[in-house]
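Descriptive structure summary
Each chain, letter by letter, is given below.
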Amino acid sequence: VQLQAYGGGLVQAGGSLNLSCVASGNIFRINVLGWYRQAPGKQRELVAELTSGGQTNYADSVKGRFTASRDNAARKTMYLQMNSLKPEDTAVYYCNLRYLRYNFWGQGTQVTVSS
């Protein structure tokens, strides 16, 4: 299984960015795709996750500003629309896939929000 993340970059506070993550390989149909982030000197934290059944879970800090979705067809692509970005959203964002006892990580993508 491989996870490839796209998007990220530099944006001013109040701006928007869209991240996407594509999973490839043999993936169990019941799974959870998620985005995590890690800021310098901080622990990695959950941003948003979606189950293959359509349930969504968001960190309190991004509720109302970030929207996570999955493609309807193969269910192997996850998107994260980030609006009203704040400097505290600056971090490396990681894509995650987990099912059964397996846990996969993609490479990180940098999101920098300037004030």
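A brief structural summary.

All right, on to the overall build of the protein then. Of the regular secondary structure elements, the protein holds zero helices and 11 strands. Element order for the protein, N to C, with α for helix and β for strand: β-β-β-β-β-β-β-β-β-β-β. Over its C-alpha trace the protein gives a radius of gyration of 13 Å, about what one expects of a compact globule, namely 13 Å for 115 residues. Out of the 115 residues belonging to the protein, those deemed buried represent 42%. The long-range share in the protein, meaning contacts at least 24 apart out of those at least 6 apart in sequence, stands at 53%. The positive charge centre, built from 12 side chains, and the negative charge centre, built from 6, are 8 Å apart in the protein.

Attention now goes to the pattern of salt bridges. Applying the stated criterion across every chain yields a total of five salt bridges. As a salt-bridge pair, E49 and R98 come within 2.9 Å of each other at their nearest N and O atoms. Here E49 is found in strand β5 (residues 45–51), whereas its partner R98 is found in strand β9 (residues 91–99), with 49 residues between them in sequence. Via salt bridges that share partners, R37, E45, R65 and D89 belong to a single interconnected network.

Bringing a nonpolar patch on the surface into the picture now. On the surface, F28, I30, L100 and Y102 cluster together into a nonpolar patch covering about 400 Å² of accessible area. Of note, Y102 is situated in strand β10 (residues 102–105). Judged by its relative accessible area of 35%, Y102 falls in the partly exposed class.

Another point: the packing of aromatic side chains. Enumeration according to the criterion identifies five aromatic pairs in this entry. An aromatic cluster of at least three residues, connected via ring pairs, comprises F28, Y99, Y102 and F104. Taking the ring centre of Y94 as reference, the NZ or CZ of R44 above it sits at 3.7 Å. If you follow R44 out to its NZ or CZ, it ends over the ring of W105, 4.5 Å from the centre.

Let us look at the state of the cysteines. This model, assessed by the stated rule, comprises one disulfide. There is a disulfide in this structure between C21 and C95, and the S-S distance comes to 1.8 Å. Note on the C21 and C95 pair: the S-S dihedral is about -80°, so by sign convention the disulfide is left-handed. With C21 in strand β3 (residues 17–24) and C95 in strand β9, this residue pair connects regions lying 74 residues apart in the sequence. C95 matches C21 in its accessibility class, with the two residues each being buried.

The rules behind the values
- Residues numbered from 1 in each chain as written.
- Predicted model: local features only at pLDDT ≥ 70, side-chain atom pairs only at ≥ 80, totals over all residues.
- Heavy atoms only, no water.
- Helix = DSSP H or I, 4+ residues; strand = E, 2+ residues; numbered from the N terminus.
- Rg over C-alpha atoms; globule rule 2.2 N^0.38 Å.
- Buried < 20%, exposed > 50% of the residue type's maximum accessible area, 1.4 Å probe, protein only.
- Contact = heavy atoms within 4.5 Å.
- Lys, Arg positive; Asp, Glu negative; His and termini not counted.
- Charge placed at Lys NZ, Arg CZ, Asp CG, Glu CD.
- Salt bridge = Lys/Arg side-chain N within 4 Å of Asp/Glu carboxyl O.
- Patch = residues over 30% accessible without salt bridge, like charges linked within 9 Å, V, L, I, M, F, W, Y side chains within 5 Å.
- Areas by Shrake-Rupley, 256 points an atom, 1.4 Å probe, with all protein chains shown as cover.
- Phe/Tyr/Trp six-rings, centres within 6.5 Å; stacked < 30°, edge-to-face > 60°.
- Lys NZ or Arg CZ within 6 Å of the ring centre and 35° of its normal.
- Disulfide = S-S within 2.5 Å.

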